[in-house]
Each structure stands twice: as structure tokens, then as C-alpha cells.
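# Descriptive analysis of the structure
In case you want the letters, here they are:
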Amino acid sequence: MLKKILVVFALQFSSVCFSQTTFPVNGAPSNHHNVYIFKNVTLHVDYQTTIANASLIIQDGIILGAGEKLTEPAGAVVYDLKGKHIYPSFIDIYSEYGMPDAKAPQKSGYGPQMESGTKGAYNWNMAIKPETDAYRMFVNDAKSADELRRLGFGVVLSSQKDGIVRGSAVLVTLSSQKENESIIKEKAAALYSFRKGISTQNYPDALAGSIALLRQTYLDARWYATQTPRKEYNISLDAFNQLQTLPQVFETTDKLSVLRAQKIATEFNVSYIMKGSGNEYQRIHEMKETRARFILPVNFPDAYDVEDPFDAEQVNLTELKHWELAPTNPVQFEKNFIPFALTTNGLKDKKTFFKNIRKSIEYGLTEQTALKALTQTPAELLGVQDKVGALKKGMLANFIITSGDLFKEGTSVFENWVNGIQFKFSNINAPDISGKYKMQSALGNLNFTIKKADEKFSATIELKDTLKTPVSLNFKDPLITFYFNLDSSHIIRMSGNYISKDSTFSGKGQKENGEWFEWKLSKIDPAKNTEIKKSPTKLPVMGEIIFPFVAYGKAWDEPSLKDKFKNRLGAILIKDATVWTNEAEGILKEYDVYVVDGKIVRISENIDVPAGAFAKIIQAKGMHLTSGIIDEHSHIAISEGVNEGTQASSAEVSMADVINSEDINIYRQLAGGVTACQLLHGSANPIGGQSALIKLRWGLNPEQLKIENADGFIKFALGENVKQSNWGDFNTIRFPQTRMGVEQVYYDFFTRAREYDSKWKAYAKLTDKEKKLSVAPRRDIELETLAQILNKKRFITCHSYVQSEINMLMHVGDSMGFTVNTFTHILEGYKVADKMKQRGICASTFADWWAYKMEVMDAIPYNAALLTKVGVITAINSDDAEMGRRLNQEAAKGVKYGGLSEEEAWKLCTLNPAKMLHLDNRTGSIKVGKDADLVLWTDNPLSIYARASKTIVDGIIYYDSDEDVKLRN
């Protein structure tokens, strides 16, 4: 019967019994099929099932049985493991084990590399390489395998971590077998990131470009799959489509990167397994809302060296709080029921892996969840839970033998069996001498403690006043030697033997004067000694999570903050202020403004809160109330680059993809009365990227900063920057290099955009039946964006300086059928004000910047006033994080230079930019029905002495000067 059973198992699991059937053997082959039995063990079948006094039976790398009262096959090799534990070996699904370093093709020549250096029918961009298969490169690494096995790992998912689309990963065992026997699944997952890696191609150069490239790759691959017959064969797109059936793993670099990746996932209806960075706890509710599964590192930061007070000053609040709270990251995932696996990735020293997991357990992570994150969850994420992650009949014989509870400090991993192959790390029968002892000797009766960590023993002895003195100890069963300092000048040395049956040591010691004495260590039974009873475990008292996770963040409860944002509940009554309406009513003295649910509902004298209602009342006598400042040209709150300047056009990139809600400049500009900004792409290319319009809702996430239902804008640029005048001698490759070339770029791209738009409009007119018989045009985000301009669905803000170029772009617009919405900077605007007025073009300028480069030599501080007097809607912008804090003072210069009235000057930074951004129906003035974006000033807002006392966005106070004092502390 047993033979029949073994034959059935051998046939059933031949697919995972990795014998080298195709390899010749030099000499007589040795095909042993030993059966191994591990009995009398505490067996952890999986993360939630533990069987005491159980058995485990394996043969040929497969589990034949696991549980109680198993029949022992005759002739089996038996291991009696009484007092020991067996756990499933761990699985790390984010590894580079066995992978060679990625090497880019050698770059030829100097300057930027515009085209791919990869030869063949591959993707146009070197950062997109879905054709990369890890299993083709995989080579066993004995040293790395040993390091991982000692930690308890038996299986890893391995891949080359390079590029935006990284190809497939291979699932392998950490056995000593050849590569063909180690591979469990050759294509186990697909991998992605926002990092271009070693690519020498200059595009992409910013995070926004990486996101755009990935988005376009998805579109191209789906379009490519519809091509019958194909006009081209693309190895990369073909491989990309094949990857889509695999688990999708996305490497993120921080909590906001997770949200960006999830936007891509939602857009293309894919599900990413997010490889986290370790700070996801800072936005845990957003992490939960992604509905993603995670791979979490345990790369907790070391304590900072702050002994030197100057060094201490360099450690900021974010760093300190992350050091404090990082170990709670897995805890937060468990509390919020978000599935996660754990990885060694990101650790400088992998030996700290278990130390850090125990720290998370100390902070509230349950041992059951920790074990699940190392076994079942990673197996489930890859769909191999029938092979690994538990100890059940038919699964791979991957398990570890430990001295006790896995997560208990001092527990040893004696052996790791991988694919049925034994790897020994220490003597499984060696005694564990850790514990508390009483020492009897000529020195008196002293408390002696031995601890074990990383297979090494250390000890302390209590000499005087219960102070613990370190002991240098060496134990090699049965011999023990140790010494310690009795006081500052006397060393005691001792040597003896271990008696295992009663857990005692005895021997002789010698004092410094040569005098010998006898000693004995007797182990204390904790159950019989109340003095060493462990008190109940107390979780560390942790600081609060602040939103955002930087200085001046507030410890608000995130769900309530979100509800507050969505509902904007509450009322504010501002009493007796001087109200600058920016409307026909002008400036109203000692008026009240009543705000309910984020909207201005009443402006009048002597307003009372309605009976039964509640409102926060702000006494504002002697103060000035204005609408919030709007910065038409800002570059704050953008992550990892404002310029994708590697190509003449980067219309496909969007600043909305890279909003950084953690930027301290949001708070600083709230302190200067700013309530809204246009986040613009830089001026590195003629056609830049799409803008993001945000309100400065400090503490909310990037999506919540965006102004709802706002029109789309895009950045264009003219002048020295776009033709790379000041980029250095090697930047002479990218077109254009002259001002004439800049003009040609616009004609070429808008001509292509018009043709592109015509194709889609023609396709849209087809009937459903006709569409089924045809192929939709290829979606091109770049041309689609430019077509939106032609269709008046997206609007241009153009960086500009000199008259000739401004005239050129207006002429291009006239020819191609579009109108520039705003010329920004436009320091020679006073020369072309009449032409701008004729076309309805706005001007957003500096107050008094000039002479900082050749093309601004004709700039004058009267520019804003002259444009205003001609009838051009004119604004003052910052283009600078520091200047954005004092746009009220910049606008005030319009009074000095050009004689604008105070109200005209104030509109330069409030109502006029609102008009430019098509938001004047919602903000920019104090009017019933508009958003309650308000600033309460201590003085006339145009005065250099004026300070923002309170800055209100959507009826919520996001900056309060009194609260600011507390936040500084």
C-alpha cells in the first residue's frame, strides 16, 4: 500500500520534483528517494494552524503528510524534534537574487541622446523593456542564498530592477540545485516603476515624463493588439501585452507615488501589487482606498546622532517623526485590513530583518499577521499558494526548524529545508542556556542573566544596587568561560561546565590576586519566582500622525478631515472688517461677511447668526478682509522636476500627475494670503506640459488639492530657454536651436494635431457597425492635448519676453485657429498691448524684475499699469516660491509705478488672475455665492506692514497666525 501511495505522489508531483532528467551524469547516477519524518514537533501548518506533537513526512522535495498520528513509512529517516518548532519557509517577492547588474548600451558621442541605443525592433524608449525576462538571466548565487536561508527564506521572486516597464520576474527556490531545478515559475509577475533606470536616452527626465511615458505605453500596446494586419512588428509592445496576464508589481518610492500608480491602474483597469517604501502609514486611509495589495519593507531608520547640538539642528521634524513611527507601518496595514507581504528589500543589512519585525510586533503587529505576511500572502499574490507558503500534503518541502516561537527574541533557526534539501546553521541538539540564574560563590548570591541573539550568547550580572554589569561570555557545550569587572580595578575570571539535566553550571573562578574559588549557576524557574515575573506588555506611546507629514502639519484625524473637505460643513461670521469686495461695491468699511458650508452667503452690516445655528465668530474691527490671492504662475508643490525639457514638445505630461501635497511652500504661501495657484510646467521647451490648478488645502492629498471642474491649461514658452541658449556647449542636438525653429515647431505640431483631430472626428461619425469593421486611430496623448487647444478645450499660458516673439506666436495662432489665453512674464507687453487687447489675450507679469538676462533688457516697472490702462486683463505672478509669499506687496508696486488705484492694484493678484484661469465665477472677489476664499489682514493688504491673520479656503481656516505660534513650538 505504501509503495502505491509513493508512486501516486511521484506521478502527481513530477512537475515540481526538479530532477535533472535532461542532464547527463558523469559516473553512476545516484537516485536516492529517502523518506524523512520529523516527529514530536510543534508544527505550524500555516499562519493560523498550529498542531502540537505533530509529524511532517517528506520525500523528493514534496510533503507526503503533515499532522497528527501519521503512519510512518518503513525505512524512513526519522528526526525526533521534541521541543522544536517547524514553520513554512518564508517567501520574499521583491528580490534581485541571482540577477546580473543591468548594463546600458554604450553611449556614443556627447550631448543628449534623443533616440534609443537598443538595436532591433524594440520600443522607441530604452526605459520600456517588457521583453526582459528574469528567468533567462537567473544564475544561482550561493552567498546570497545562504544569507537568505539563514533568515528563514526558501523562495524568492527575482528580477532586474531597472526601467519603467521592467519585464517579467522569475520565482525560484533558494536550494543548492542547478538553475533548471530551482525555477518554480519562469514568468511569475510583471514589474513597473516610475524610474527610468540606467537608460542613457534623455527622455524622460522628470517624474511627470515617466508617468506620461507609461500611460502612452499602455495606450500603444492596446492599439497595437487591434492591428490586423500589423503595419509594424514591435517586440516590446507584443511582450507588454503578454505581461498583462501576470500579477502586476509596481515599485513606489513614497506614499504619494502609490497614489500616482493607482491613478494609472484605475485608468487602464489593472490591479497593481504596490511595493511600498515604508512611509505609507502617513496616508493609510488613502492606501486602503486604493484597494491594492502591498509588499512592505521593514527598513526602519536608525536613531539620529544628536549629541552635537549643531547636528541636532539638522534633523527635521519629518525625519524625527518617521524614526518614531516607521515601525508602525505594518501595524497600520493590519489594523486597516490591507493585505501585505514583507520583504528584505531596502535593508542595508539583512541581519536586521527579524529585529525590525520584532520591533513592529512590539508596536502592535500580531505574530499571526507577521507570519502570514512572510508565507501565505506572498504565495497568494503570485497565485502559487498550492505550492508554497504552508505545510500541506503535495506542497514543496520548504520549512524551517526553530528552537521555539519564531518571533521570540533569542529563537534560533537551526535548519532550513528548501525543496527537500537540508541546510544546517547550528547544532539542533545544542542546549539553549538563555535565562535567569542565581550565582552562588565567594562573591555572594548574585543575579546572572544570559541572553541569546543571532546564535550568540551575552550575559549581565547584578553586583551592586541592582546595576547590571556586562559579562564577556563564551559557550561551547559543555564548556563555559566568562569574565567581568568586579569594580574599576578588579577582573573576575570563571570557567566551568554545563549540566543539562538540571540546567546548572559549576566550576572555578579566579580573582585578580590569584585567589581561586568555586561557583555555581542555578537556573531560576520563572513560575516559582515572582521577582522576575514579566509585567503585561505595554505598547510604546506613539506620537500622532500629522497631515501633511512635515513641519506645520496638524494631527487631525484623516477621515474627519476628508469629510470636512467633502462637506465643508460649518459657518464663519467675520464682524466689522474693512471688506475689499473687488466688485462694484468697492471697499466697505465695518461690514460683516457670513460664510456657510464654504460659500459666501451674506455681506452686510450687523449680521447676526440665525437662531439655532452655530458659527465661528471672528472679531475683525480695524482689520481688512479680501478675497484670497491667486498665483497664476507658480512652481511650488511639484514632485521631481517641473521641466520635461528633453523634447521640443512635452504636451503629454501633466503637472496634475505630480502634485506634492507635502510641500512646505503651500503653508508658507497660505501665510502670505495665497489661496489658489496654477502649477505650471517649466520653460525648457516650446510646448511644455499641462498645468494643474489647485487650492492650498494644507493637509489634504494631491487629488483633494485640485480645483474641481476647472478648465485645462498648458504651458508654452518662447525666448532663450527653449532654443537652449544657456544650456551649455553640448546641448546643440535638440530641435529647435533658433527663434526661427521655435516658430516652425508650432506650425509643425499644430498641423499634425489638426490632422489627428480630423481622423478622430471622422471615426466618431461612423456607425457602430462601421466602427466594428474598422480600427480606431492610435491615441496620442501629445497630439490629443494640442487638439484640445484647437477645439478651445485647453488654454495656453505662454512664457514670453520680447515683442518680436510675442507677435510671432499671435500670428501662428491667427493662422492655425487658436488664441493664446495668457502671456506670462511678458516684460515687453507694453509694446504689444493694443494687439493683445484686440485678441482678448491676458498678461501675467512681474512687478519690477528686469536686466537679469539679455531678453529682459527692455523691461520696465510700469508694464503692469500700462497694460491695465489699455484694457488688458493683467496680473502679477511669482514664478518663485519665496515671492509667492508676498504677492500683495508685488501688486502694490502698481500704485507706485503707473499710478493705479489701490483697488486696481489689488485686482492684479486676485480677481484678474481668477479671470485668466476662468475661475472668476467662483473666486477672486467677495460676492454672495462665490467660494469663501478669504484673507483677513492686520492692515491695508497693500501695506508692507500687513500680515495675514487668517487664510480661509472654501470656508475652512487653513492658516491662523495664532495657531502658527503653537505649531512652531
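See above for the structure.
Moving on, we get to the overall build of the protein chain. Scanning the protein chain for helices and strands turns up 27 helices and 41 strands. In terms of overall dimensions, the protein chain has a C-alpha envelope of 100 × 75 × 60 Å along the principal axes. For the protein chain, buried positions account for 55% of its 969 residues. Both charge centroids of the protein chain, one from 116 positive and one from 115 negative side chains, sit 4 Å from each other.

Spatially, β17-β18-β19-β20-β21-β22-β23-β24 is the arrangement adopted by the 8 strands of the closed barrel, whose pairing is antiparallel. Within this sheet the neighbouring strands show an average axis-to-axis angle of 30 degrees, counted without direction. Pairing analysis gives 7 bridges linking strand β21 (residues 479–485) to strand β22 (residues 491–499), with the strands arranged antiparallel. For Leu479, the partnering residue across the bridge sits in β22 and is Asn497.

Within the secondary structure, Gln282 is located in the loop between β11 (272–275) and α8 (284–289). Residue class for Gln282 comes out buried when judged on its relative accessible area of 4%. As for Gln282 and Gly389, which are separated by 107 residues in sequence, their C-alpha atoms are 30 Å apart. Beyond its immediate sequence surroundings of up to four residues, Gln282 is in contact with Lys255, His322, Ile545, Phe547 and Phe549. At a separation of 2.7 Å, a polar atom in the side chain of Gln282 contacts the side chain of Lys255.

Bringing the pairing of strand β35 (residues 794–800) into the picture now. Across the 7 residues that make up β35, a large majority, 7, are buried. With burial as the criterion, each face of β35 is covered, one bearing Arg794, Ile796, Cys798 and Ser800 and the other bearing Phe795, Thr797 and His799. Strand direction decides the pairing type here: strand β34 (residues 712–717) and β35, joined by 6 bridges, are parallel. Bridge pairing links Phe716 to Cys798 in β35. Crossover handedness for the path β35 to helix α21 (residues 803–816) to strand β36 (residues 822–825): right-handed.

Let us look at the side chain of Asp931. Along the chain, Asp931 turns up in the loop between α26 (911–916) and β39 (934–937). The buried category is assigned to Asp931, whose relative accessible area is 7%. At 2.7 Å, the side chain of Asp931 and the side chain of Lys695 are in polar contact. Asp931 has contacts with Gly598, Lys599, Ile600, Lys695, Arg922 and Asp954, leaving out every residue within four places of it along the chain.

Glancing now at the nonpolar core. One finds Tyr192, Leu214, Tyr272 and Phe294 to be the most contacted residues of the largest nonpolar core, which totals 125 residues. Broken down by element, the residue count for this core peaks at 10 residues, all from helix α5 (residues 207–225). In contact with Phe294, other than residues within four places in its own chain, are Val258, Met274, Glu280, Met287, Phe333, Ile338, Pro339, Phe340, Ala341 and Leu381. If you look at the next biggest cluster of nonpolar residues, it comprises 39 residues, including Ala753, Leu809, Val812 and Phe823.

Let us now look at a negative patch on the surface. On the surface, Asp305, Glu307, Asp308 and Asp311 cluster together into a negatively charged patch. With respect to the secondary-structure elements, Asp305 resides in the loop between β12 (293–297) and α9 (309–313). Here Asp305 falls in the exposed class, since its relative accessible area comes to 56%.

Our focus in this paragraph is the side chain of Gln160. Among the structural elements, Gln160 can be located in the loop between β7 (153–158) and β8 (165–173). Polar side-chain contacts of Gln160 include one of 3.0 Å to the backbone oxygen of Pro100.

What follows is about the packing of α5 against helix α6 (residues 235–243). As a packed pair, α5 and α6 sit with axes 9 Å apart at the nearest point and diverge in direction by 95 degrees. Taken together, the axes of α5 and α6 lie roughly perpendicular to each other. Residues Thr217, Tyr218, Asp220, Ala221, Arg222, Tyr224 and Ala225 of α5 pack against Leu237, Asp238, Phe240 and Asn241 of α6. Across the contact of α5 with α6, the residue classes break down as 6 nonpolar, 2 polar and 3 charged.

With the rule as written, the count across this model stands at 47 aromatic pairs. Measuring from ring centre to ring centre gives 4.7 Å for Tyr218 and Phe268, while their planes differ by 15 degrees; the resulting arrangement is stacked. In this pair, Tyr218 is assigned in helix α5 and Phe268 in the loop between α7 (255–267) and β11, connecting sequence segments 50 residues apart. Like Phe268, Tyr218 is buried. Note on Tyr801 and Tyr852: the rings are 6.3 Å apart at their centroids and 75 degrees apart in plane angle, and the pair reads as edge-to-face. Of this pair, Tyr801 sits in the loop between β35 and α21 while Tyr852 sits in the loop between β37 (842–845) and α23 (863–870); the two residues are 51 residues apart in sequence, bridging distant segments of the chain. Residue Tyr852 is classed as partly exposed on the basis of its relative accessible area of 36%. Among the aromatic side chains, those forming a connected cluster through ring pairs are Tyr192, Phe194, Tyr218, Phe240, Phe250, Phe268 and Tyr272. We note Arg149 situated over the ring of Phe423; from NZ or CZ to the ring centre the distance is 3.7 Å. Of note, Lys161 hangs over the ring of Tyr94, and the distance from its end group to the ring centre comes to 4.5 Å.

What follows covers unusual backbone geometry. Cis peptide bonds are those with omega within 30 degrees of zero, and the linkage from Tyr203 to Pro204 qualifies with 0 degrees. Mapped onto the secondary structure, Pro204 falls in the loop between β9 (183–192) and α5. In this chain, Thr228 is followed by Pro229 through a cis amide linkage whose omega measures -10 degrees. Within the element layout of this structure, Pro229 appears in the loop between α5 and α6. Here Asn269, not a glycine, exhibits a phi torsion of approximately 55 degrees, which is positive. The residue Asn269 is located in the loop between α7 and β11 in this model. On the basis of relative accessible area, Asn269 is assigned to the exposed category, the value being 72%. For Asp597, which is not glycine, the phi dihedral falls at a positive 50 degrees.

Parameters at a glance
Residues take numbers from 1 onward in each chain, read along the sequence in its written order. Two thresholds apply to this predicted model, a pLDDT of at least 70 for residue-level local features and 80 or more for giving and counting side-chain atom pairs, whereas whole-chain, interface and lining totals are computed over all residues. To get the side-chain values, all heavy atoms of the structure are used, and hydrogens and water are removed first. Put simply, DSSP marks the helices as runs of H or I at least four residues long and the strands as runs of E at least two long, and each gets a number from the N terminus on. For the exposure calls, accessible area comes from a 1.4 Å probe over protein chains only, and a residue counts as buried if that area is under 20% of its type's maximum, exposed if over 50%, partly exposed in between. When charges are counted, Lys and Arg are positive and Asp and Glu negative, with His and the chain ends excluded. Where a charge lies is defined by one atom per residue type, namely NZ (Lys), CZ (Arg), CG (Asp) and CD (Glu). At least two bridges found by DSSP between two strands is the condition for calling them paired. For helices, the fitted axis covers only the stretch in contact; all axes are lines through C-alpha atoms, and the angles between them, taken along N-to-C directions, range from 0 to 180 degrees. Two residues form a contact once any of their heavy atoms are found within 4.5 Å. Side-chain atoms alone can form a polar contact between residues adjacent in sequence; in general such a contact is a pair of N or O atoms within 3.5 Å, and within protein one must be able to donate a hydrogen while the other accepts it. Look down the strands so they point away from you; if the path from the first strand over the helix to the second goes clockwise, the crossover is right-handed. By nonpolar core we mean a set of buried residues, namely Ala, Val, Leu, Ile, Met, Phe, Trp, Tyr and Cys, connected to one another through side-chain atoms within 4.5 Å. Excluding any residue in a salt bridge, patches collect residues exceeding 30% relative accessible area, merging like charges within 9 Å and nonpolar Val, Leu, Ile, Met, Phe, Trp and Tyr side chains within 5 Å. Areas reported as accessible are Shrake-Rupley estimates using a 1.4 Å probe. Residue values count occlusion only from the protein chains shown. Here, a salt bridge means any Lys or Arg side-chain nitrogen found within 4 Å of an Asp or Glu carboxyl oxygen. Note on angle classes: values under 35 degrees are labelled roughly parallel, values over 145 roughly antiparallel, values of 65 to 115 roughly perpendicular, and the remainder oblique. Amino acids outside the nonpolar list (Ala, Val, Leu, Ile, Met, Phe, Trp, Tyr, Cys, Pro) and the charged list (Asp, Glu, Lys, Arg) are all regarded as polar, and Gly is one of them. Whether two aromatic rings pair depends on their centres lying within 6.5 Å, for rings of Phe, Tyr and Trp, where Trp uses its six-membered ring; planes under 30 degrees apart make the pair stacked, over 60 edge-to-face, and the rest tilted. The criterion is that NZ of a Lys, or CZ of an Arg, lies within 6 Å of the ring centre and within 35 degrees of the ring normal, and then a charge sits over that ring.

None of this, on its own, says anything about what the molecule does.
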